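# Structural features, examined
So the chains spell out like this:
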Amino acid sequence: MKMVLALAGLVIVGLQVINTRKYEVRKEYLVSAFIAALYSVINLVTIEVNDTLDYSYANYITSYFVWAFGAISVVAMIRKMHGQVTIRLLTLYLSVVCAAQCIIAIIIDRNDMVKLFVDRWIFQGAHFLNEVNRLYGIGASLDPAGTRFAVVLIMIGFVLVLDEEVKRNKLQNITLLLCYGIMATLGNMMSRTTTVGLLLSFLPFVLHSGLHRLMIKGDNLMSYRIFASVAILGTALMIYLYNTDQFFHDQLRYGFEGFFSWVEQGEWKTDSTEKLNTTMWIWPEDLRGWLIGYGTFGFFSFSTDIGYCRLILYSGLVGFITFSSLFLYCAFFFARKYRRYKYMFIVLLSLSFLIWIKVATDLFFIYALFLAFEDEREKWLGSGREANIEVLEAA
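None of the values given here were measured: they were computed from a predicted structure.

### Comments concerning a nonpolar patch on the surface
Side chains of Leu203, Leu207, Leu328, Phe332, Tyr343 and Ile346 sit close together on the surface and give an oily, nonpolar patch of about 470 Å² of accessible area. Residue leucine 203 is classed as partly exposed on the basis of its relative accessible area, which comes to 35%.

Put into structure tokens, the structure is as follows:
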């Protein structure tokens, strides 16, 4: 599907060129693409020097363009549907998709007919996932799913406290908070990486709601009432299922193992964090390894799943610094461009570096969507009071 969307994005760009007889590539595309290409070249040099055949990140520039063109088609469809593209609309769509994946994962696990159908037609390593007893949706499982849930949880937090339309629209408020609750529980049962985003999603409430001054802003009252209702009902439902359904009992204990350990033993720990801390911190053993790595990224080569270790072992500090600079550039570019949401992009940047403690993955997919937003502020922001407020803040 990602490849199909990328192809559609390429067609859209081609039609724009034909219709306008020109196509202007924006600076942010050029800079980010240059960094991605440089990272690919560094990895190619690394595998050539080390005489390996591990091209895991050597073709990163290809992944960059797949994400970039795929994002163009997604943004074009949203604009076609609503006449505009805003962070609010993007967050609503991402929230519903992620919440749906969580619900689908439960249905797949509880219904043998559905599981059989999905395992037959969707190639996503179902044999391994069933072997380790992990929940999975349609192409959503393990840490990649957790990172996406984490990103969307953070975006929901900022949209709820910053977006004027959401503050006035009860339906959108309820939708975002319901999706938030589903991801916070079921998403965590699918991947405990979701917890990182869940904790970071509290920051916008602290930064913008007035809670740090012991004062709640009036325009946030509806969100807090809905949040309290969802939290109370959701907690009651989880407690009931925990005590009456063995499946939910086991999955909740897995998803929130750290919380259960903290309550029952007075110490926050999980099996995965214990393993990370004791056996998986593996670093290069010589200067060349630290500089350009060993050209091998696979888990079984060094028996580590830690992102920092795998990235440095693959292409050294030279590759790791280049790779990191892509996310640093994107985060700070958008933080400067859309000042109302500057803290959101800083938190998303923090998420990248926090996730690498556990797993090697990147968050460029979300920046690709923002890259696809048009430069015209009126189109990006929409119209009315919200647009006027954000144009003034960005000035």
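The discussion continues.
### Structural notes on unusual backbone geometry
Leaving glycine aside, a negative phi is the common case for residues, and trans is the common case for peptide bonds. Of note, the phi angle at aspartate 51 is positive, near 55 degrees, even though the residue is not glycine. Mapped onto the elements, aspartate 51 comes out in the loop between helix H2 (27–49) and helix H3 (60–82). Among the residues examined, aspartate 51 registers a relative accessible area of 71% and is labelled exposed. In this structure, leucine 142 takes a positive phi of about 50 degrees despite not being glycine. Its location among the elements puts leucine 142 in helix H7 (residues 142–162).

### Section: the side chain of threonine 304
Tracing the sequence through the fold places threonine 304 in the loop between helix H17 (299–302) and helix H18 (307–337). At 3.3 Å, the side chain of threonine 304 and the backbone nitrogen of isoleucine 306 are in polar contact.

### Let's talk about the confidence of the model for the protein
Residues of the protein with pLDDT of at least 70 account for 86%, and the chain-wide mean is 82. The secondary-structure element of the protein with the lowest mean pLDDT is helix H21 (residues 377–381), recorded at 39, while H2 shows the highest, at 93.

### Quick word on the layout of surface pockets
Space inside the largest pocket adds up to approximately 1500 Å³. Along the walls of the largest pocket sit 41 residues, with Lys2, Trp67, Gly139, Arg148 and Phe365 positioned nearest its centre. Elements with a minimum of two residues in the lining of the largest pocket: helix H1 (2–20), H3, helix H4 (87–110), H7 and helix H20 (364–371). Among the elements that take part in the lining of the largest pocket, H3 stands out by supplying 9 residues, more than any other. When grouped by side-chain class, the residues that make up the lining of the largest pocket number 29 nonpolar, 8 polar and 4 charged. By volume, the second largest pocket is sized at about 830 Å³. Taken together, 25 residues line the second largest pocket, and the ones lying closest to its centre are Gly181, Thr185, Gly234, Thr235 and Met238. When residues of the lining of the second largest pocket are assigned to their parent elements, the largest contribution, 12 residues, is made by helix H12 (residues 221–244). Looking at side-chain class alone, the lining of the second largest pocket contains 20 nonpolar, 5 polar and no charged residues.

What counts, and where the lines are drawn
Residues numbered from 1 in each chain as written. Predicted model: local features only at pLDDT ≥ 70, side-chain atom pairs only at ≥ 80, totals over all residues. Heavy atoms only, no water. Patch = residues over 30% accessible without salt bridge, like charges linked within 9 Å, V, L, I, M, F, W, Y side chains within 5 Å. Areas by Shrake-Rupley, 256 points an atom, 1.4 Å probe, with all protein chains shown as cover. Salt bridge = Lys/Arg side-chain N within 4 Å of Asp/Glu carboxyl O. Buried < 20%, exposed > 50% of the residue type's maximum accessible area, 1.4 Å probe, protein only. Helix = DSSP H or I, 4+ residues; strand = E, 2+ residues; numbered from the N terminus. Polar contact = N/O pair within 3.5 Å; in protein donor to acceptor, adjacent residues only side chain to side chain. pLDDT = per-residue confidence, 0-100. 1 Å grid on protein atoms, 1.4 Å probe; cavity = no way out; pocket = protein on both sides within 12 Å on 5 of 7 lines; lining within 4 Å. Points joined across faces, edges and corners; volume = space filled by probe spheres on them. Nonpolar A, V, L, I, M, F, W, Y, C, P; charged D, E, K, R; others polar.

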